[in-house]
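What the coordinates show
Now for the letters of each chain:
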Amino acid sequence: MLEPGTSVQFVKGIGPRFAEMLANKSIHTVDDLLFYLPFRYEDRVNPRRIADLQPGETVSVIGEVRNSGLFRTRKMPIFQLVVGDPGSPDAPIFGYAGVDRSRTLKCLWFHGTYLKDKFKPGQLLALYGKVEASHSGGLEVIQPQIEVLNDPDDFALEDGVLDLDKAEAEAARKLVQSLEIGRIVPIYEAAGKGKLTSRWFRRIIRYALENSVGPSLGAPRRDTAMPTQTAGHDYIPAAVRAHLDLIPPLQALWQVHWPELGESIADLQNWRTPAQRRLIFEELFFLELGVELKRRQQRAQTGITFALAEREREAVKRILPFKPTKAQFKVLGEIARDMADPAPMRRLLQGDVGSGKTIIALQAAVIAMENGYQVALMAPTEILATQHYLSARRILEPAGYRCVLLTGSQEADRKRNTRRHLARGDAQLAIGTHALIEQKVEFARLGLVIVDEQHRFGVMQRMKLMKKPDNSGEIPAEPDVLVMTATPIPRTLALTLYGDLDVSILDELPPGRTPITTHKYLESQAGEVWDMVRAEVALGHQAYVVYPVIDARSGENEEGESELKAATQMYDTLRRKLMPNLRIGLLHGRLDADIKDAVMQSFQRHEIDVLVATTVIEVGVDVPNASIMVIEHADRFGLSQLHQLRGRIGRGAAKSHCVLMASAKMTEEGERRIEAMLRTTDGFQIAETDLQIRGPGEFFGTKQAGMPSFRVANLLRDVELLQVARREAAWMLDQQKLGAEAQVSEEEIRAAVTHMRTHWNRRFGLVEVG
């Protein structure tokens, strides 16, 4: 028998060579193989008579071989097989009586030399494929699925006459056992560059199911009912299973691979059969159980109880440069209540570009600093860290708070000096990049960690900052954590990626912001676009021009030809040819930090009219006088990226324009992104569209964001089940408090938690707070 952890190379029919191909699909064990699930299904249940076929139908057929042969064309050898309805008028097989036996079906295989001499007249075959009208006027099927049901030589009597009863009985038996016809057939994605076909997977997975420890009651035949109970322990508590009427897991696995006759094809394709729902729910339940446990463990930890008396409230008010919006007031209240609570704060602050997240973060920092604690603010890029540092100094230093900046590119002496101030407690607010988590960095009394654009950090980077020891070497009480993002997160991802965080949303822009008008232009209309830029500069405003790559080499195709315009080349073109009278600047990620800083400061001081840049300006750049942005090759950018870029303008009182320049040969996906940008400026609507286009795994990038790796569930399709799983996981854990009234025993809860930690942590262990 096969164990779940057995290497696939030991499964009959695989071996080392095929195991290596399967490894590229992340199939390493028998368990992985059994969870390589069909991506669609074909209804091959009811075979049709050839006499009744019509062109355009995809059908199952039982046919009798009339003749076959190989013929060669100038391009390739083609194997041709001709079949008709089986039997004779006097002795039909499968009841095929009274039909037109002169009508035949031609089957063709290109490069079909391997089929030569395989078929004999009188053989009974099962076929599946799409019927087309042939050039000769009959019907044909190109390269159908095919299976031999019987051989006439095996059923000939002494006088050479075929024993039709035995022939039909054998054919019927083989049809019942067939994996290819007479049933709903699972279709798998091929592997090994097509060598491991869907048909190959059907055979191998069937064998693995029949010989696994799991379904030890024996593999069900198609002509017998699936057993209602299967061997193996179900780690979802009985009460939860009863709430949702869940079938046993091994029964579900069998029926997902081999659906029972009568199963709805529509439900199968939509992943809504009882078997599919069971497997989806199980995956989501153990994910949400892990998230809920994490949330409860965090709340049980010893945190810092920040005082929030009149002195702290007045200090927060003093730093405000403007009257807060209702949304800002509400969100600050949520954060302040969390900080006053003894449990460590774990809160996600979502806000569209320009909604005022930074000032909220600085107000939270003031609460911590007024209580005698230090604050660390970590940003993903030096440009963003520097922007935060300059803003913090402008707002906080007049009120007496000392801010320091720590980045990787700083001189060693400056970094050493900054670390000394942090260790002594001389500096209250440390702003920096990943340099903040270096082992040498110590805080005297760290009380609040703020992480901006956190999806750009790895999980362990965030955790290192949260677990910083103080300068005594002891790890003090857990600091509060505020996670910020300007990338709106769809609810499905918020329930998984940030399920252990409380969420605050800034859904209101500060007053004085003017709506941004978004335009679409083709590359052929570039002259009109440059006229718009010149006109805005003539009004005293500034412009961004954004490119997807830094230089021409970055945009080369496989032939070495440049496909994309690049920032460095277009900087020269704009400066010398298109806008020689304007002051043009250049900013990209390869420039030294000091040069990037100088360029940004020049742009902010209006010493530059047009800033040519890459996506390095995507976050953290605030120039209210910039009123127009041109994004060339806009169809090559991600949707959330386009939205972030657009958020760099519209920060002042002037009407702002975002110009998306696209190639005439846009992909369908590129067109969808452009249309979404034209349709709305609402970040949450754009995030939902982006999630639909790219899928959950690519929305942030699985490795960086800690996105769970799902084998069965799909966050777009299974939102409802995700919410049910979250509810049921919390309900199950709440049963621990009910004593004799509990519907779930301590033993069941302990088994579920142990199972989650031992079997699911490999894929879900990255769901961390940051």
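Structure's up top.
To keep things clear, this report deals only with the structure shown in the data block.

Conventions we followed
Residues numbered from 1 in each chain as written. Predicted model: local features only at pLDDT ≥ 70, side-chain atom pairs only at ≥ 80, totals over all residues. Heavy atoms only, no water. Pairing = 2+ DSSP bridges. Helix = DSSP H or I, 4+ residues; strand = E, 2+ residues; numbered from the N terminus. Axes fitted to C-alpha atoms, helices over the stretch in contact; angles between N-to-C directions. Contact = heavy atoms within 4.5 Å. Salt bridge = Lys/Arg side-chain N within 4 Å of Asp/Glu carboxyl O. Expected span 1.5 Å × (residues − 1). Buried < 20%, exposed > 50% of the residue type's maximum accessible area, 1.4 Å probe, protein only. Core = buried A, V, L, I, M, F, W, Y, C linked by side-chain atoms within 4.5 Å. Polar contact = N/O pair within 3.5 Å; in protein donor to acceptor, adjacent residues only side chain to side chain. Parallel < 35°, antiparallel > 145°, perpendicular 65-115°, else oblique. Nonpolar A, V, L, I, M, F, W, Y, C, P; charged D, E, K, R; others polar. Phe/Tyr/Trp six-rings, centres within 6.5 Å; stacked < 30°, edge-to-face > 60°. Lys NZ or Arg CZ within 6 Å of the ring centre and 35° of its normal.

**A closer look at the sheet that holds strand 19 (residues 610-613)**
- As summarised here, the arrangement of the six strands in space is 16-21-20-17-19-18, forming an open sheet in which the pairing is parallel. With partners counted over all chains shown, the strands left at the sheet margins are strand 16 (516-522) and strand 18 (584-587), one partner each. Strand-to-strand, the axes of this sheet are offset by a mean angle of 20°, without reference to chain direction.
- Pairing of strand 18 with strand 19 involves four bridges; the strand directions are parallel. If you follow G585 over to strand 19, its bridge partner there is L611.
- In the packing of helix 16 (residues 526-538) onto the sheet, the strands contacted are strand 16, strand 17 (542-546), strand 19, strand 20 (626-631) and strand 21 (656-662), and the crossing angle to strand 20 comes to about 160°.

**Side note on the pattern of salt bridges**
- On inspection of all chains with the given rule, the structure shows 42 salt bridges.
- R534 is the salt-bridge partner of D531, the closest N and O atoms lying 2.7 Å from each other. Taken together, the residues span about one helical turn, with D531 and R534 both in helix 16 at a distance of three residues.
- The closest approach of N and O atoms between E632 and K565, which form a salt bridge, is 3.0 Å. On the criterion of sequence distance, the pair formed by E632 in the loop between strand 20 and helix 19 (639-646) and K565 in the loop between strand 17 and helix 17 (567-578) is long-range, its members being 67 residues apart.

**A word on helix 17**
- Given a rise of 1.5 Å per residue, twelve residues ought to cover 16 Å, yet the end C-alpha atoms of helix 17 are separated by just 14 Å, more than 12% below that figure.
- Turning to helix 17, its buried residues number three or more, namely A567, T568, M570, Y571 and L574.
- Where helix 17 is buried, its residues touch helix 16, strand 17, strand 18 and strand 19.

**Quick notes on the nonpolar core**
- Membership of the largest hydrophobic core comes to 64 residues, with the highest contact counts inside it found for I14, L33, F201, F281, F285 and L289.
- For this core, the secondary-structure elements that each account for two or more residues are helix 1 (15-23), helix 2 (30-34), helix 4 (198-210), helix 5 (238-244), helix 6 (249-257), helix 8 (274-300), helix 24 (719-734) and helix 25 (746-764).
- Sort the elements by how many residues they give to this core and helix 8 lands first, with nine residues.
- Residues within four places of L33 in sequence aside, it is in contact with V8, I14, I27, F201, I204, I205 and A208.
- Counting 43 residues, the second-largest nonpolar core is a separate cluster that includes V331, L332, M345 and C403.

**What to know about the side chain of Q328**
- As for its position among the elements, Q328 is in helix 10 (residues 326-340).
- Among the polar contacts listed, one links the side chain of Q328 to the backbone nitrogen of T325, at a separation of 3.0 Å.

**What about the packing of helix 20 (residues 668-679) against helix 21 (residues 683-694)?**
- Two elements in contact, helix 20 and helix 21, have axes separated by 10 Å at closest approach and are oriented at 170°. Comparing the axis directions of helix 20 and helix 21 gives the class roughly antiparallel. Residues E669, R672, R673, A676, M677 and R679 of helix 20 form the contact with helix 21, whose own contacting residues are I686, T689, Q692 and I693.
- Looking at the contact of helix 20 with helix 21 residue by residue, the class counts come to four nonpolar, two polar and four charged.

**Overview of the packing of aromatic side chains**
- As enumerated under the stated definition, the model contains eleven aromatic pairs in all.
- Each ring, one from F79 and one from W109, has its centre 6.0 Å from the other, and the planes form 50°; the classification is tilted. Within this pair, whereas F79 is found in strand 3 (residues 77-84), its partner W109 is found in strand 4 (residues 104-110), the two being separated by 30 residues in sequence. The burial state of F79 is the same as that of W109; both residues are buried.
- With centroids separated by 5.1 Å and ring planes inclined at 85°, the aromatic side chains of W200 and F201 adopt a geometry described as edge-to-face.
- Taking the relative accessible area as the measure of exposure, W200 reaches 9% and is therefore buried.
- Over the aromatic face of Y128 sits the side chain of R44, whose NZ or CZ is 4.0 Å from the ring centroid.
- In this structure, R711 packs its charged tip against the face of F35, placed 4.2 Å from the ring centre.

**Comments concerning the sheet that holds strand 14 (residues 480-485)**
- Spatially, the seven strands line up as an open sheet ordered 11-12-10-13-14-9-15, and their pairing is parallel. The strands lining the two open edges of the sheet, one partner per strand, are strand 11 (403-406) and strand 15 (502-506). Mean inter-strand twist for the sheet, computed between neighbouring axes without regard to direction, equals 20°.
- With respect to the sheet, helix 13 (residues 412-424) is in contact with strand 10 (374-378), strand 11 and strand 12 (429-432), its orientation differing from that of strand 11 by roughly 135°.

**Things to note about the pairing of strand 4**
- Pairing analysis gives seven bridges linking strand 3 to strand 4, with the strands arranged antiparallel. Residue pairing in the sheet places L81 in a bridge with C107 of strand 4.
- Relative to strand 6 (residues 139-142), strand 4 runs parallel, the two sharing four bridges. Its bridge partner lying in strand 6, L108 is registered against I142.

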